[in-house]
Amino acid sequence: MLHRKMLQEIAWADFQKLSLAEKAPYFVQSSGRPYHCVMAQQFDREMLDHLCDLATRIRRIGKSKQGMDYLSTLLKNKRAMLYFTQPSTRTFLSFYSACQILGIRPAEVRDPDISSEAKGETKEDTIRTFSSFFDLIIMRTPMQGFAEEMAWMISNTDRPIPIINAGSGKDQHPTQALLDIYTLARSFEKRGGIDNKTVLFCGDLARGRTVRSLSGLLMNYTNVRQIFAAPECLQIGQDILDRLKAAGIEYEVTTDFKGKIPEADAIYMTRLQDEWGDVSGPPYKPEDYFFTGDDLKVLKREGIIMHPLPRRKEISTECDNDSRAVYWRQVRNGMWIRAALIATTFCRDDEITQYYMLNNR
Amino acid sequence: MLHRKMLQEIAWADFQKLSLAEKAPYFVQSSGRPYHCVMAQQFDREMLDHLCDLATRIRRIGKSKQGMDYLSTLLKNKRAMLYFTQPSTRTFLSFYSACQILGIRPAEVRDPDISSEAKGETKEDTIRTFSSFFDLIIMRTPMQGFAEEMAWMISNTDRPIPIINAGSGKDQHPTQALLDIYTLARSFEKRGGIDNKTVLFCGDLARGRTVRSLSGLLMNYTNVRQIFAAPECLQIGQDILDRLKAAGIEYEVTTDFKGKIPEADAIYMTRLQDEWGDVSGPPYKPEDYFFTGDDLKVLKREGIIMHPLPRRKEISTECDNDSRAVYWRQVRNGMWIRAALIATTFCRDDEITQYYMLNNR
Amino acid sequence: MLHRKMLQEIAWADFQKLSLAEKAPYFVQSSGRPYHCVMAQQFDREMLDHLCDLATRIRRIGKSKQGMDYLSTLLKNKRAMLYFTQPSTRTFLSFYSACQILGIRPAEVRDPDISSEAKGETKEDTIRTFSSFFDLIIMRTPMQGFAEEMAWMISNTDRPIPIINAGSGKDQHPTQALLDIYTLARSFEKRGGIDNKTVLFCGDLARGRTVRSLSGLLMNYTNVRQIFAAPECLQIGQDILDRLKAAGIEYEVTTDFKGKIPEADAIYMTRLQDEWGDVSGPPYKPEDYFFTGDDLKVLKREGIIMHPLPRRKEISTECDNDSRAVYWRQVRNGMWIRAALIATTFCRDDEITQYYMLNNR
């Protein structure tokens, strides 16, 4: 468990200089529960297991009307601001649904043009205004490091509230990494969990923050092998490889996606992130990095295909009804793990577990 | 009662070839209740009567705080996506209100530009994503046949949910037809109902889908005479007339709107649908197809004036406070009949009726 | 207490000619509670005290989950339309939150382009449509006098509902004035309340409707001195000064903001309202009308700094953590006083007071 440090006791200039590992303790509560959720690196194995277990309990409780009605009483005294200045229907709806499930009443600001920023307000003042009305801010912005800075800022006012990073620029999208972990944990539930599995990443590994975050979280598990299959110009960053190497984790870098499919327990497909600009490098055939109906034949019988969505052509629609295609379930998993995260942030996790023990076992 | 057929047992290519009457059984549940609500033609007299009766019960229950509080418990375990990529404040708010009345928590996507479609996602994937989060999709799009195709698609996944068509291009807007029927039924409640009445349609009959749908639903009633008054270039389509003729229903086509007012029990005014493009034909005087204060004098004492709204100049505002002008009540009726439809879709209709019998009679 | 007059008994043409004082009685209920909230002038001292007391009770009840859960049952049978065609995140979220606290389910229309107005509907028809679905309309528009006209119109239909003006053009923004009054009342709670204090207004006094409204409401209190500090081109209107003079209220007009700070109990800063167009007049140094860290030194120990927000550079951020800087608390006060106003409009104020007496004292 992380030993909590106080954001009120460090200046922003000093905080910025810390490494990710050094920053992590500043985002937790004294109980070890997350307060702000800013970066994937703040979650250790213990908390990942806790969130996955809780997500499953919430999911099972939610199968009955009685259970769903119970869940909606838990945080009905809370209201959340979903501040999404970068388009993202999927992440937005996932958080919106998670709030609704727990009874949190959501409000949203999605278009900065109709906001006070048009009147010359700073972003800091905008966030501080939200904190006047709401009990939680869930934010997605194109600005790298913004969620982190706002977490520091809001903790230094007389009305601190939790901030959850729903994607900040190219650097962090921690709840996407959580839902990926939860999907792996669910899929391998009867096969010993995530430990000792091989994950094959494919596609735009250079710019997809989901791959970077997931790769990092997988380091919390035992003996997970990571394979990165991409054309040279889209290959994973050297910083990620250095990190894996330093931790003694087995990995492989290749341009031969198709050849690696038989080895994979999980294949993590991604789309070309062209909203971040062009890449340069030797030409390649995109279809070499597509997963098709033919590839189903060589995939392990218990292997799974994941994708953070939206997809373009990386996965052929003919795979959609194969039981190993879990990307639609992955979407729904995002709703459950986010509900688990929010419930834990507000310390209602133990109560949910008690209800589950009494009613669902 | 329709005998249910399974969408999972027919290929899309084959389904598309069916007639409207042949498609209808695929949208119902085994109990005969609607599952998907795709087209006006899927409602028979029995279901129309059921929905009208239920709408009235919900409306009466909702008159007290206790009743409204009861209604809001019925489906509070459900969440709905309102996917409106075609502008429509009125229909949107009507469905939104209907959801709120039943306790359903709504979410919305109204601007496709801020959605994942901007990242190259297909519309099928977008809908399937919604089905991961929500228990009901209410959709309005400019694309003819889209709701129907999505209903087929979603029924062929492992997480089918009901789809309600809130307007798809020029072809269908079934819940508008339901609210028109409910308005007629309420207005003629003490005069023997809709049977044996004369309905006079006026305005842009060529392109207004509401007229086409309502004309069709009226065929479920006995001896309802239909008069179509419009300039030649805006007159009702021959397909509609052929349908009436084949069913042996009395109808009349005329350019003389004013002369027909005294014969009408209900006058259904419509606006020029110029968002669908220009029409060509002989020139006409628009004011010949307006309803004014003078026309009130020749309208039957118990006749009614309807309009799907928004109006422009088709109905003079001096008519607004006449008791026969029911177009504002018609708006509110839309909310009640949509609540009735949704409650029936989720099989809570019998419970509402029981509550009504115990508390409101 | 105002003696109620009926909007149904006066023609719009006649109503328009009345003075503000003559209009006020038309907006109240027979109990003296507000029905429509259209203009600051409709609130007398008795009602201001009532609303401030109620806001404090709601605020204190809301501190516990049990209390917040109680509040959310009060008006859960009601639904509100927030019709904001003029951008205003802060006011919007404040009302949205106030509704959520009381259990009112909100819906919103913020972009007139996606509404029926695009189909040629008049604004009157749009508002009347809203009244078909909702129990309350909260509206903000750039059109002077619009809320007033719609209040008259809706009271003359067979489905009247309350209208709250959330800002109409340059003329009125009554709930902003209420929140300013509440902030003054809370800040001076232990110093005898608002009576006998000095309020120093600074900045764009020519066009800021908040200053005009607050100046008027302060006339309800005893011996409140008003100082207006602004460059000549932005000075307060002569009509306001005439009104103060006629009422025998002490005031002062100056260009020397800095020199007046030591005399003030409350300093009310405002921003340049340049969205209303340019002003002309002799040049001035903007920074002469900024409040900085240095100015904190000469401000009274119990003085307060207010700002309706958003701010630009009028208040230096180094003041933000001084206990006398109340502008962030002022934001939150807006939520409580609006909840108090809405609860009073729907006559749930007495019940809240009873609950408070039983549970919170």
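Residues numbered from 1 in each chain as written. Chains lettered and ligands numbered in written order. Predicted model: local features only at pLDDT ≥ 70, side-chain atom pairs only at ≥ 80, totals over all residues.

### Here we look at the overall build of chain A
Here is the rule: Helix and strand labels come from DSSP, where a helix needs a run of H or I of at least four residues and a strand needs a run of E of at least two; each type is numbered from the N terminus.
A tally of regular secondary structure across chain A gives 14 helices and 9 strands. Expressed as lengths along the three principal axes of its C-alpha atoms, the size of chain A is roughly 55 × 50 × 40 Å.

### Some thoughts on the sheet that holds strand β6 (residues 225–229) of chain A
All names here are of chain A. To be explicit about the condition: Note on pairing: two strands pair once DSSP finds at least 2 bridges between them. Angles run from 0 to 180 degrees between N-to-C directions of axes, and those axes are lines fitted to C-alpha atoms, restricted for helices to the stretch in contact.
Taken together, the 5 strands give an open sheet; going across it, the order is β7-β6-β5-β8-β9, and neighbouring strands pair in parallel fashion. The strands lining the two open edges of the sheet, one partner per strand, are β7 (251–254) and β9 (304–306). Neighbour-to-neighbour, the strand axes of this sheet turn through a mean angle of 15°, independent of strand direction. Note that strand β8 (residues 266–269) and β9 share 3 bridges and pair parallel. Bridging across to β9, Ile267 finds its partner in Ile305.

### Considerations on the interface of chain B and chain C
To keep things clear, this is the line we draw: Residue pairs are scored as contacts if the distance between their C-beta atoms, which are placed from the backbone, is within 7 Å. Note on residue classes: Ala, Val, Leu, Ile, Met, Phe, Trp, Tyr, Cys and Pro are nonpolar, Asp, Glu, Lys and Arg are charged, and everything else, Gly too, is polar.
The partner chain C presents 18 residues to the 21 residues of chain B that form the contact. For the side of chain B that touches chain C, the secondary-structure elements that each account for two or more residues are α4 (65–74), α5 (89–101) and α13 (327–345) of chain B. With 7 residues, the top contributor of residues to the side of chain B that touches chain C is α5 of chain B. Class assignment of the residues belonging to the side of chain B that touches chain C gives a composition of 9 nonpolar, 5 polar and 7 charged.

### What to know about the relation of the copies chain A and chain C
Rules: Alignment of copies: least-squares fit on C-alpha atoms of residues with pLDDT of at least 70 in both copies.
Rotating chain A by 120° and translating it 0.0 Å along the rotation axis places it on chain C, where the RMSD comes to 0.0 Å. Put plainly, the chains are arranged around a three-fold axis. Closest to the rotation axis within chain A is the C-alpha of Arg105 of chain A, separated from it by 5.6 Å.

### Comments concerning the pairing of β7 of chain A
Each regular strand shows side chains that alternate between the opposite faces of the sheet. Residues and elements named next belong to chain A. Applied cut-off: Call a crossover right-handed when, viewed with both strands pointing away from you, the route from the first strand across the helix to the second goes clockwise.
The sheet contact formed by β6 and β7 spans 4 bridges and is parallel. From the neighbouring strand, Phe228 faces β7, where its bridge partner is Val253. Where the polypeptide runs from β6 across helix α10 (residues 238–246) and back to β7, its parallel neighbour, the crossover connection is right-handed.

### Observations concerning the interface of chain A and chain C
Where interface size is given, it is often the accessible area lost as the parts come together that is meant. Contacts between chain A and chain C engage 18 residues on the former and 21 residues on the latter. For the side of chain A that touches chain C, the secondary structure elements donating two or more residues are β2 (105–109) and α6 (123–133) of chain A. The biggest single contributor to the side of chain A that touches chain C is α6 of chain A, with 5 residues.

### Concerning the pairing of β8 of chain A
Residue and element names in this part refer to chain A. Keep this limit in mind: The burial criterion counts other C-beta atoms lying within 10 Å of a residue's C-beta, which is placed from the backbone; the residue is buried at 20 or more, exposed at 12 or fewer, and partly exposed between these limits.
Both faces of β8 are covered, namely the face carrying Ala266 and Tyr268 and the face carrying Ile267 and Met269. Alignment of strand β5 (residues 198–202) against β8, held across 4 bridges, turns out to be parallel. Looking across to β8, one finds that Val199 is bridged to Ala266.

### Some thoughts on the packing of helix α3 (residues 45–61) of chain A against helix α14 (residues 349–359) of chain A
Residues and elements named next belong to chain A. Threshold: Orientation categories follow fixed angle ranges, with anything under 35 degrees roughly parallel, anything over 145 roughly antiparallel, 65 to 115 roughly perpendicular, and all other angles oblique. Handedness of a helix crossing follows the sense of rotation of the near helix relative to the far helix, less than a right angle counterclockwise being left-handed and clockwise being right-handed.
Where α3 contacts α14, the two axes come as close as 10 Å, and the packing angle between them is 50°. Considering their axes alone, α3 and α14 lie oblique with respect to each other. Crossing geometry of α3 relative to α14 is assigned as left-handed. Judged by residue contacts, Leu54, Arg57, Ile58, Arg60 and Ile61 of α3 engage Asp349, Ile352, Thr353, Tyr355 and Tyr356 from α14. Class assignment for the residues of the contact of α3 with α14 results in 6 nonpolar, 1 polar and 3 charged.

### Thoughts on the packing of helix α8 (residues 174–187) of chain A against helix α9 (residues 209–218) of chain A
Residues and elements named next belong to chain A. Between α8 and α9, the shortest axis-to-axis distance is 9 Å and the interhelical angle comes to 55°. When the interaxial angle is binned, α8 and α9 end up oblique. As for how α8 packs across α9, the hand of that crossing is right-handed. Contacts between α8 and α9 involve Pro174, Gln176, Ala177, Asp180 and Ile181 from the former and Thr210, Ser213, Leu214 and Leu217 from the latter. Grouping the constituent residues of the contact of α8 with α9 by class yields 5 nonpolar, 3 polar and 1 charged.

### Describing the environment of Leu244 of chain A
Residues and elements named next belong to chain A. Of note, Leu244 is situated in helix α10. With 19 C-beta atoms packed within 10 Å, Leu244 lands in the partly exposed category. Residues Leu244 and Leu217, 27 residues apart in the sequence, show an inter-C-alpha distance of 11 Å. With residues near it in sequence (within four places) discarded, Leu244 still touches Gln226, Ile249 and Tyr251.

### Some details on unusual backbone geometry
In this structure, Pro310 of chain B follows Leu309 of chain B across a cis peptide bond, with omega equal to -5°. Relative to the helices and strands, Pro310 of chain B resides in the loop between β9 (304–306) and α13. Unlike most non-glycine residues, Leu309 of chain A shows phi in positive territory, near 60°. Along the chain, the position of Leu309 of chain A falls in the loop between β9 and α13 (327–345). A residue is classified by how many C-beta atoms lie within 10 Å of it, and Leu309 of chain A, with 23 of them, is buried. Backbone geometry places Asn223 of chain C, a non-glycine residue, at a positive phi of 60°. Inspection of the secondary structure puts Asn223 of chain C in the loop between α9 (209–218) and β6 (225–229).

### Describing the domain arrangement of chain A
All names here are of chain A. This is how the line gets drawn: Note that the domain bounds reflect an automated or database-derived domain assignment.
The domains assigned to chain A are domain 1 (7–172 + 334–346) and domain 2 (174–331). Here domain 1 and domain 2 have C-alpha centroids that lie 26 Å from each other. On the domain 2 side, the residues contacting the 23 residues of domain 1 number 18 residues. Here the side of domain 1 that touches domain 2 gets 5 residues from one element, more than from any other, and that element is α3.

### Here we look at the environment of Ser31 of chain A
Residue and element names in this part refer to chain A. The residue Ser31 is located in the loop between α2 (20–23) and α3 in this model. Since 12 C-beta atoms lie within 10 Å of it, Ser31 is described here as exposed. Note: C-alpha distance between Ser31 and Arg4 (27 residues apart in sequence) is 8.3 Å.

### Digging into the sheet that holds strand β7 (residues 251–254) of chain B
Pairing between sheet strands relies on hydrogen bonds along the backbone, with the strands arranged either parallel or antiparallel. All names here are of chain B. The strand order across the open sheet built from 5 strands is β7-β6-β5-β8-β9, with neighbouring strands paired in parallel fashion. Edge positions in the sheet fall to β7 and β9, since each has one partner strand and no second. Geometrically, the sheet is characterised by an average inter-axis angle of 15° between neighbouring strands, direction not taken into account.

### Description of the confidence of the model for chain A
The line we're drawing: Known as pLDDT, the predictor's confidence for each residue is given on a scale from 0 to 100.
Residue-level pLDDT values for chain A average 93, and 95% of them are 70 or greater. Across the whole predicted complex the pTM is 0.95, and at the interface the ipTM reaches 0.93.

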